[in-house]
Amino acid sequence: EYVRTALNAGLEVDAFAPRLSFFWGISMNFYMEIAKLRAGRLLWHRIMSEFNPSNPKSSMLRTHSQTSGWSLTEQDPYNNVIRTTIEAMAAVFGGTQSLHTNALDEAVALPTEFSARIARNTQIIIQEETGITQVADPWGGSYMMETLTQQIADKAWELIEEIEESGGMAKAIEQGLPKMRIEESAAKKQARIDRGEDVIVGVNKYQLDHEDDLDILEVDNVAVRESQIKRLNEIKASRDNAAVEKALAALTESAKTGEGNLLALSVDAARLRATVGEISDALEAEYGRYQAEARTISGVYGAAYEEDANWNMIKDDIAAFESEHGRRPRMLVCKMGQDGHDRGAKVIATAFADVGFDIDLSPMFSTPEEVAKQAIENDVHVIGVSSQAAGHKTLVPSLIEALKAQGADDIAVVAGGVIPKQDYDFLFSAGVKGVFGPGTPIPDAARQVLEAIKG
């Protein structure tokens, strides 16, 4: 889609294609991840051939890889060092050009310097001590790996054709198709984990009797926010605001007329110290703001629990709630702040809908005030806050205050995601009715949320 857009703008394919690169996540299925990167290179060469490049580098896939965030566990967290090492080796065996290794405590909080050094040294040791990087494709010729690579390429091509038939990736995104495919896969995986079919060491098998506290990085969100606002105000006071306004007006005019280069004009504005927000607002004045269609899939998570007695008991209790109150329990699942990690939120939304909750989703990057407004308008019983980026101590109390200010403090608030156990009491004292850390089985969370609604 990017190549077609650039060609339609008048660029020659070899002028930009050698600089294109991908960003892939690497998970724990070792052979599958190696084959994935190999299949990606195969497919990229096939796709680029239709554009007839003359520079071989235009057809060479380049990728940055990051070890998986969702495979990290809060329970027995030192196991995460092993997980990250295995995932990093898969990426290197698969031929990644660049690599990010996650720290062991990222399922709990932002990484400390200690954990970040281990993550960095994982890369260095693979690079300097193992000899793995001396061979470009050590799996080439392996019957198993070549077969698996071809199987992934064939399955991926079916998905690519599905996207092409929908009008291309931009149209598919507008329709929510890629998100739906991702969420379907994530829901199936989470159901297998919660049922113990896929083993996660320390979570659903080989659990510790006692978990020691982990030293975590504590960030004073209030101080950081105040510092950033102060810096912004200083920049706005010291820059040439007339020149900034002129540059922003030029951006809006270019958006209206289609004349000029928006990227170049954005760079001009940034050099004059316009903020990202101001540049975005200048474009929004003409284009409006994209609103992603909030959709959830149904039946995928619940299908794994059709014969589960506990799951069916929760469904029965929800049916009883509906009989008593005239409607089903309703939950708004939200992401607030600049946290763009929505896998957990979407899996929760899908699974809770399958067990019988009515579910609403907030737009990504909502403010606490916007979430409170949506919750009141939709008449929900509970708001489920998904937090992955350490903003819970600021955003969740702000949400509760926003509900109180609008006379809706009867709406319960629960929180889940990457929240250190050390912060649970803070959230409870702020008025949160339940906190669900990584590894919480979804049926257990659903039961507790239903009890919180009942009071």
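What you see is a predicted model, and the numbers here were worked out from it, not measured in a lab. (Residues numbered from 1 in each chain as written. Predicted model: local features only at pLDDT ≥ 70, side-chain atom pairs only at ≥ 80, totals over all residues. Heavy atoms only, no water.)

Q: Can you tell me about the nonpolar core, naming the residues and giving the values?
A: Of all hydrophobic cores here, the largest spans 32 residues; its most connected members are Y301, M331, F352, V355, F357, V382 and V449. At the level of elements, helix 8 (177-194), helix 13 (300-303), helix 14 (309-325), strand 4 (330-334), helix 15 (343-355), strand 7 (412-417) and helix 19 (442-454) are the ones that each hand at least two residues to this core. Other than its neighbours up to four places away in sequence, V382 contacts R330, M331, L332, I411, A412, V413, V414, V449 and I453. V3, W24, I132 and L148 belong to the second largest nonpolar core, which has 29 residues in total. (Core = buried A, V, L, I, M, F, W, Y, C linked by side-chain atoms within 4.5 Å. Buried < 20%, exposed > 50% of the residue type's maximum accessible area, 1.4 Å probe, protein only. Helix = DSSP H or I, 4+ residues; strand = E, 2+ residues; numbered from the N terminus. Contact = heavy atoms within 4.5 Å.)

Q: Break down the environment of F114 for me, with residues and values.
A: Within the secondary structure, F114 sits in helix 5 (residues 113-129). Take F114: its relative accessible area is 47%, and that puts it in the partly exposed class. In this structure, the C-alpha to C-alpha distance between F114 and H381, residues 267 residues apart in sequence, is 42 Å.

Q: Help me get a handle on the packing of helix 15 against helix 19, residues and values and all.
A: Between helix 15 and helix 19, the least distance of the axes is 10 Å, while the angle of their chain directions is 70°. Regarding the angle of helix 15 to helix 19, the classification is roughly perpendicular. Between helix 15 and helix 19 lies a crossing whose hand is right-handed. Listed contacts from helix 19 to V347, I348, A351, F352 and V355 of helix 15 are I442, A445, A446 and V449. Here the contact of helix 15 with helix 19 is built from residues that sort into nine nonpolar, no polar and no charged. (Axes fitted to C-alpha atoms, helices over the stretch in contact; angles between N-to-C directions. Parallel < 35°, antiparallel > 145°, perpendicular 65-115°, else oblique. Left-handed = near helix turned anticlockwise from the far one by under 90°. Nonpolar A, V, L, I, M, F, W, Y, C, P; charged D, E, K, R; others polar.)

Q: Quick rundown of the sheet that holds strand 6 (residues 382-387)? Include the residues and the values.
A: Spatially, the five strands line up as an open sheet ordered 5-4-6-7-8, and their pairing is parallel. Looking at the sheet topology across the chains shown, the edges are occupied by strand 5 (358-361) and strand 8 (434-436). Between one strand axis and the next, the sheet turns through 20° on average, direction left out of account. Where strand 6 and strand 7 come together, six bridges link them in parallel fashion. Bridged to G384 within strand 7 is V414. (Pairing = 2+ DSSP bridges.)

Q: Break down a nonpolar patch on the surface for me, with residues and values.
A: Together, M28, I82 and I86 line one region of the surface with nonpolar side chains, adding up to about 240 Å² of accessible area. When its relative accessible area of 35% is taken as the criterion, M28 is described as partly exposed. (Patch = residues over 30% accessible without salt bridge, like charges linked within 9 Å, V, L, I, M, F, W, Y side chains within 5 Å. Areas by Shrake-Rupley, 256 points an atom, 1.4 Å probe, with all protein chains shown as cover. Salt bridge = Lys/Arg side-chain N within 4 Å of Asp/Glu carboxyl O.)

Q: So what about unusual backbone geometry? Which residues, and what values?
A: With phi around 45°, D76 is a residue other than glycine that occupies positive phi space. The topology assignment puts D76 in the loop between strand 2 (63-67) and helix 4 (79-94). A residue is classified by how much of its surface remains accessible, and D76, at 18% relative accessible area, is buried. In this structure, D379 is a non-glycine residue whose phi angle is positive, near 55°. Classification of D379 by relative accessible area gives partly exposed; the value is 46%.

Q: Describe the packing of helix 10 (residues 241-257) against helix 11 (residues 262-271), listing the residues and the values that go with them.
A: Between helix 10 and helix 11, the shortest axis-to-axis distance is 9 Å and the interhelical angle comes to 170°. In terms of axis orientation, helix 10 runs roughly antiparallel to helix 11. In this structure, helix 10 crosses over helix 11, and the sense of that crossing is left-handed. Contact residues: A247, L248, A250, L251, S254 and A255 in helix 10; L262, L265, S266 and A269 in helix 11. Residues belonging to the contact of helix 10 with helix 11 are distributed by class as follows: eight nonpolar, two polar and no charged.

Q: Please set out the pattern of salt bridges residue by residue, giving values where relevant.
A: Overall, the coordinates contain 30 salt bridges when judged by the stated rule. E164 is the partner of R4 in a salt bridge, and the nearest nitrogen-oxygen pair spans 2.8 Å. Remark: E164 occurs in helix 6 (residues 143-165) and R4 occurs in helix 1 (residues 2-8); sequence separation between them is 160 residues. On the accessibility criterion, R4 (28% relative accessible area) is partly exposed. According to the relative accessible area criterion, E164 is partly exposed, its value standing at 37%. The shortest N-O distance in the salt bridge between R289 and E284 comes to 2.9 Å.

Q: Residues and numbers for the packing of aromatic side chains, please.
A: Within this structure, the stated rule accounts for 10 aromatic pairs. A centroid spacing of 5.8 Å and a plane angle of 65° characterise the contact between F30 and Y31, whose relative ring orientation is edge-to-face. Taking relative accessible area as the criterion, F30 reaches 21% and is therefore assigned partly exposed. With a relative accessible area of 42%, Y31 lands in the partly exposed category. Each ring, one from F93 and one from W139, has its centre 5.8 Å from the other, and the planes form 85°; the classification is edge-to-face. You can see F93 sitting in helix 4 and its partner W139 sitting in the loop between helix 5 and helix 6, a full 46 residues away along the chain. Judged by relative accessible area, F93 falls into the buried class, the value being 15%. Aromatic ring contacts, followed pair by pair, group F30, Y31, F93 and W139 into a single cluster. One residue, R195, lies across the ring of Y305, its end atom 5.3 Å from the ring centre. (Phe/Tyr/Trp six-rings, centres within 6.5 Å; stacked < 30°, edge-to-face > 60°. Lys NZ or Arg CZ within 6 Å of the ring centre and 35° of its normal.)

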